[in-house]
Amino acid sequence: MNLLHTPNKTWTYDFQYDGKRYRKRFRTKASAEKALIQKKAEVQRSYFIDERMTFADASKMFFENHAKPNKRSWKDDEIKIRFLNAQFGEKRLVNFTPIDIQNLRTFLEHKREKKKLSSATVDRYHALAKAIFNKMIFWRKFNGYNPADGVKLKREPNAHIRFLTKEEINVLRSEER
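Thresholds applied
Residues numbered from 1 in each chain as written. Predicted model: local features only at pLDDT ≥ 70, side-chain atom pairs only at ≥ 80, totals over all residues. Heavy atoms only, no water. Phe/Tyr/Trp six-rings, centres within 6.5 Å; stacked < 30°, edge-to-face > 60°. Helix = DSSP H or I, 4+ residues; strand = E, 2+ residues; numbered from the N terminus. Buried < 20%, exposed > 50% of the residue type's maximum accessible area, 1.4 Å probe, protein only. Lys NZ or Arg CZ within 6 Å of the ring centre and 35° of its normal. Pairing = 2+ DSSP bridges.

A. Spatial organisation of the packing of aromatic side chains. If you walk through the whole model with that rule in mind, you get twelve aromatic pairs. Ring geometry for F55 against F96: centres 5.7 Å apart, planes inclined by 45 degrees, an arrangement best described as tilted. Of this pair, F55 sits in helix α2 (residues 55-70) while F96 sits in the loop between α3 (74-88) and α4 (98-111); the two residues are 41 residues apart in sequence, bridging distant segments of the chain. The pair F55 / F96 is uniform in exposure class, with both members buried. A centroid spacing of 6.1 Å and a plane angle of 45 degrees characterise the contact between F55 and F133, whose relative ring orientation is tilted. Of this pair, F55 sits in helix α2 while F133 sits in helix α5 (residues 119-138); the two residues are 78 residues apart in sequence, bridging distant segments of the chain. Taken as a pair, F55 and F133 share a single burial class, namely buried. Through a chain of ring-to-ring contacts, the aromatic side chains of F55, F88, F96, F133 and F142 assemble into a single cluster. Cation over ring: K80 sits above Y125, and NZ or CZ is 5.9 Å from the ring centre. For the cation-ring pair, K91 lies above F96, with the distance from its terminal atom to the ring centre recorded as 5.3 Å.

B. Broad picture of the pairing of strand β3 (residues 20-26). Inspection of the sheet shows strand β2 (residues 11-17) paired to β3 by seven bridges, in the antiparallel sense. The residue of β3 that forms the bridge with Y13 is K24. Two successive antiparallel strands, β2 and β3, enclose a turn made up of two residues, where D18 displays a positive phi of approximately 55 degrees.

Printed below as a string of structure tokens:
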């Protein structure tokens, strides 16, 4: 164990795990030993969560390990991921807030240079960002709140508008009589 007795008569645990140093001071040796065991278990339970992971890293992992092998629409995802990486690429996952997702929605709906996108298309980009965060949480690469959950999707109308053919109109007229 990595327990140290300091000159000022306190006990300290001090260890490194995956390049990060952990240390804390205690009054008694017993409390330091107990805390050391708990801290090592907590650190190992985190499954190597990398707080330095960027959105670009996460989207690449999502695309290669989930979208491409499992989805028929992976080509659409590839295009959307390219756009999302241009917006968020080097931003760390731990630094995301729901405001970032809301700003993405606003940009896509109103301020896009070429053309404004429909709310359904904006929802697809939002859903993809949400799926990327959910997969990183599921794969234990990110431990935190999914910022895309904090922004609501717009409701798409369920009704499908269908127009009657001339034959159907004639059948309705004949039944009307």
